[in-house]
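Structural characterization, general
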Amino acid sequence: MQLRTVIGIDIGGSKTHGLRSVDGVPDAEAVAGSANIAAVGVAEAGRQLEALLTRLGATGVDAVCVGAAGADGPASVGTLERLLAQHAPGARVLVVHDARLLLAAAGLDTGVALISGTGSVAWGMRADGTEARAGGWGHLLGDEGSGYRIALDAVRHTLDRMDAGAPPDPLSRALLAGCGLTDREQLIDHVYSTQDRRYWAERAGVVVELAGSGDVAATAILDAAADALAALATRVLGRLGGHEPVVLGGGLAVHQPLLQQAVRHRLPAVEVHVLTEAPAAGAVRLAEAFLDQEPVASNAAEPRA
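All of the points below concern the structure found in this document. Being a predicted model, the structure only gives us computed values, none of them experimental.

Relative orientation of the contacting elements helix α2 (residues 42–56) and helix α3 (residues 74–87) amounts to 40°, with a least axis distance of 10 Å. Taken together, the axes of α2 and α3 lie oblique to each other. When you trace α2 past α3, the crossing you get is right-handed. Here Val 42, Ala 45, Gly 46, Leu 49, Glu 50 and Leu 53 of α2 come into contact with α3, specifically with Thr 79, Leu 80, Leu 83, Leu 84 and His 87. Along the lines of polarity and charge, the residues of the contact of α2 with α3 split into seven nonpolar, three polar and one charged.

Put into structure tokens, the structure is as follows:
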């Protein structure tokens, strides 16, 4: 009997994580730089995917599934499909939104994936295949409840106190220290000269830590983030028309128990899980399921641009 080999890939904002599995048994693991097309461009994404697949070993692979933020439009999906086909010849390719990996990684076929990391989004599926999504608009339009948004709310709080002539409070001082600054006036230039969303998302930990000690300002910001995340999940649950479980994923949600507790408190009638497996493991599961489906007609044989 021929062995079935699949690769699952999770494209994140700072790295790309890949797993290879042979007949359901993990066989190889590799990490490369981010292959997020929106963040690094098509050429760099292709280089990172090539490096990852070379390390994993893409020869003879039957299927590849990749999850990426923003991979929900024909253009972005088509670009990723072409890049993967170049570096994993002969493999069937499946591209999905990264939120879909969470349910699969949790061993669930239905439910709602609620991500709070650098950005935020909720995505869900019910048993009949109906899908629903809320959020995921990016940092210019949304990302409420994300690490990036929490940090910016802390910056706004600090600057608002400065404009009011109030002295720095504990949150202001902690934020300045976390940014390596000494004065509030430096924050404005620092924000506009430091456009890396990952940098700011990492500063969200300052807010969560202070909220844990009872700081009023930090608690208000964390509560607003939990409200926003619960609202995303509630909107998707409402559109799915059921009481599906919710899986919390993303760097902030997975590593901050206080935020997990706050979200659970706002979803009392919902079973809430915290992701314990890497999202790439969900991509492996989806790739295996993809192999069991009948191939459909596609443009795979057409000339590629």
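Once the structure has been displayed, the description carries forward.
This brings us to helix α9 (residues 204–212). Those residues of α9 not exposed but buried are Ala 204, Val 206, Val 207, Val 208, Leu 210 and Ala 211. Close packing links the buried residues of α9 with α5 (147–163), α6 (170–178), α8 (197–202), α10 (216–240), α11 (251–255) and α12 (257–266).

Before going further, it helps to examine the sheet that holds strand β9 (residues 246–249). Ordered in space as β8-β7-β6-β9-β10, the five strands form an open sheet in which the pairing is mixed. Across the chains shown, the open sheet's two edge strands, defined by having one partner strand only, are β8 (131–135) and β10 (272–274). Between one strand and the next, the sheet's axes are offset by a mean angle of 20°, whatever the strand orientation. For β9 and β10, the ladder comprises three bridges, and the chain directions are parallel. Across the sheet, Leu 248 pairs through a bridge with Val 274, a residue of β10. Packed on one face of the sheet, α12 meets β6 (111–116), β9 and β10 and runs near 165° to β10.

Now for the pattern of salt bridges. Per the stated rule, a full pass over the model turns up 13 salt bridges. Between Arg 149 and Asp 153 there is a salt bridge, with its nearest N and O atoms 3.7 Å apart. Highlighted residues: Arg 149 and Asp 153, both in helix α5, separated by four residues, approximately one helical turn. The residue Arg 266 makes a salt bridge to Asp 227 at a minimum N-O spacing of 2.5 Å. Taken as a pair, Arg 266 in helix α12 and Asp 227 in helix α10 lie far apart in primary sequence, 39 residues in all. Under the relative-accessibility criterion, Asp 227 is labelled partly exposed at 42%.

So, about the sheet that holds strand β5 (residues 92–97). Reading across the sheet, the five strands line up as β3-β2-β1-β4-β5 and stay open at both edges, with mixed pairing between neighbours. Of all strands in the sheet, those bounded by a partner on one side alone are β3 (25–33) and β5. Sheet twist, expressed as the mean angle between neighbouring strand axes with direction ignored, is 15°. Relative to β3, strand β2 (residues 15–22) runs antiparallel, the two being bridged by eight bridges. Bridging from a neighbouring strand, Lys 15 pairs with Gly 33 of β3. Against the sheet, helix α13 (residues 279–291) touches β1 (5–11), β2, β4 (63–68) and β5, its axis set at about 140° to β1.

Here we take up the packing of aromatic side chains. Describing an aromatic ring pair means giving the distance of the ring centres and the angle of the ring planes. According to the stated counting rule, one finds one aromatic pair in the structure shown. Residues Tyr 199 and Trp 200 carry aromatic rings whose centres are separated by 5.0 Å and whose planes lie at 90° to one another, so their mutual orientation is edge-to-face. By relative accessible area, which is 1% here, Trp 200 ends up buried. Here Arg 92 stacks its cationic end above the ring of Phe 290, 4.3 Å away from the centre of that ring. Above the plane of the ring of Tyr 199 lies Arg 203, whose end atom (NZ or CZ) is 3.7 Å from the centre.

Cut-offs applied
Residues numbered from 1 in each chain as written. Predicted model: local features only at pLDDT ≥ 70, side-chain atom pairs only at ≥ 80, totals over all residues. Heavy atoms only, no water. Axes fitted to C-alpha atoms, helices over the stretch in contact; angles between N-to-C directions. Helix = DSSP H or I, 4+ residues; strand = E, 2+ residues; numbered from the N terminus. Parallel < 35°, antiparallel > 145°, perpendicular 65-115°, else oblique. Left-handed = near helix turned anticlockwise from the far one by under 90°. Contact = heavy atoms within 4.5 Å. Nonpolar A, V, L, I, M, F, W, Y, C, P; charged D, E, K, R; others polar. Buried < 20%, exposed > 50% of the residue type's maximum accessible area, 1.4 Å probe, protein only. Pairing = 2+ DSSP bridges. Salt bridge = Lys/Arg side-chain N within 4 Å of Asp/Glu carboxyl O. Phe/Tyr/Trp six-rings, centres within 6.5 Å; stacked < 30°, edge-to-face > 60°. Lys NZ or Arg CZ within 6 Å of the ring centre and 35° of its normal.

Coordinates in, geometry out; function isn't part of it.
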